[in-house]
Amino acid sequence: MSRSIDYGNLMHDAMRSLIRNVLLDVADNGLPGAHHFFITFDTGHPDAELADWLSDRYPDEMTVVLQHWYDNLEVTNDGFSISLNFGDAPEPLYIPYDAIRTFVDPSVEFGLRFEQQGEEAHAPDTKADEDALPQTEESELEVEEAPAKDAEIVSLDSFRKT
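Here the structure is a predicted model, which means the values were calculated and not measured.

K.L.:
It is not clear to me how the pattern of salt bridges should be interpreted in this structure. Could you clarify?
P.N.:
Opposite charge on two side chains lets them pair, provided their charged atoms get close. The tally for this structure, following the rule as stated, stands at 2 salt bridges. In this structure, the salt-bridge partner of D42 is R101, at a minimum N-O distance of 3.7 Å. Here R101 lies in strand β6 (residues 100-105) and D42 lies in strand β1 (residues 37-42), a separation of 59 residues in the sequence.

So this is what it looks like as structure tokens:
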């Protein structure tokens with residue numbers, strides 16, 4: 001019997017746990033300093049909850065911004081709920097962690113990208129804010145992190161034996 005360690009899924013679980021811990025801290029203490037988040041998620045995920053007009057406008061994915069105005073941030077083990085302002089109208093959302101495709105904090109040049117497996121992943125064609133997320137080479141999971149001016153992309157593929 002052959003068994004292997006599924007590092008890709010283990011990394012996804014660890015990164016989702018990181019997002020959960022960051023959001024728990026923000027729910028308890030607010031956003032510190034210049035921190036803010038761009039979160040892109042799959043609007044078609046079966047557990048995602050958003051207004052019909054938002055899912056009609058963003059049928060595949062949507063990027064939300066947690067920065068100046070948000071309310072009712074509640075963080076659970078499976079996802080988070082939040083009310084965000086869309087054209088001066090607050091709308092409640094529920095975003096499961098496994099629906100998240102990217103999580104970016106541009107104030108410290110930190111980002112996570114969860115690549116889609118199986119069906120061909122496509123680039124976002126709609127967004128909720130004027131800032132677009134940077135596009136990177138496809139791989140199973142990519143992590144962007146840089147303490148300096150330019151973000152460095154670390155791909156798990158570079159650590160795999162061929």
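K.L.:
I would appreciate a short explanation of the pairing of β6 in the present structure.
P.N.:
The side chains of a regular strand alternate, first on one face of the sheet and then on the other. Counting buried positions along β6 yields 6 of 6 residues, so the element is predominantly enclosed. Pairing of β1 with β6, which is carried by 4 bridges, proceeds in the antiparallel orientation. Across the sheet, residue F41 finds its bridge partner in β6, namely I100. The pairing of β6 with strand β7 (residues 110-114) spans 4 bridges and is antiparallel.

K.L.:
In this structure, what is going on with the pairing of strand β2 (residues 61-66)? I would like to understand it.
P.N.:
Burial runs high along β2: 6 of the 6 residues are buried. Side chains of β2 alternate between two faces, with E61, T63 and V65 and M62, V64 and L66 buried alike. Bridging between β1 and β2 involves 6 bridges; their strand directions are antiparallel. Each residue of the ladder has a partner; that of F37, found in β2, is L66.

K.L.:
Sorry, what's going on with the nonpolar core here?
P.N.:
Looking at soluble globular proteins, one finds that nonpolar side chains tend to be buried together. Judged by nonpolar contacts, the single largest core of 30 residues is most densely connected at V64 and F80. Elements that contribute at least two residues to this core include exactly α1 (7-29), β1, β2, β3 (70-75), β4 (79-85), β5 (90-96), β6 and β7. With 4 residues, the single largest contributor to this core is α1.

Thresholds applied
Residues numbered from 1 in each chain as written. Predicted model: local features only at pLDDT ≥ 70, side-chain atom pairs only at ≥ 80, totals over all residues. Heavy atoms only, no water. Salt bridge = Lys/Arg side-chain N within 4 Å of Asp/Glu carboxyl O. Helix = DSSP H or I, 4+ residues; strand = E, 2+ residues; numbered from the N terminus. Buried < 20%, exposed > 50% of the residue type's maximum accessible area, 1.4 Å probe, protein only. Pairing = 2+ DSSP bridges. Core = buried A, V, L, I, M, F, W, Y, C linked by side-chain atoms within 4.5 Å.

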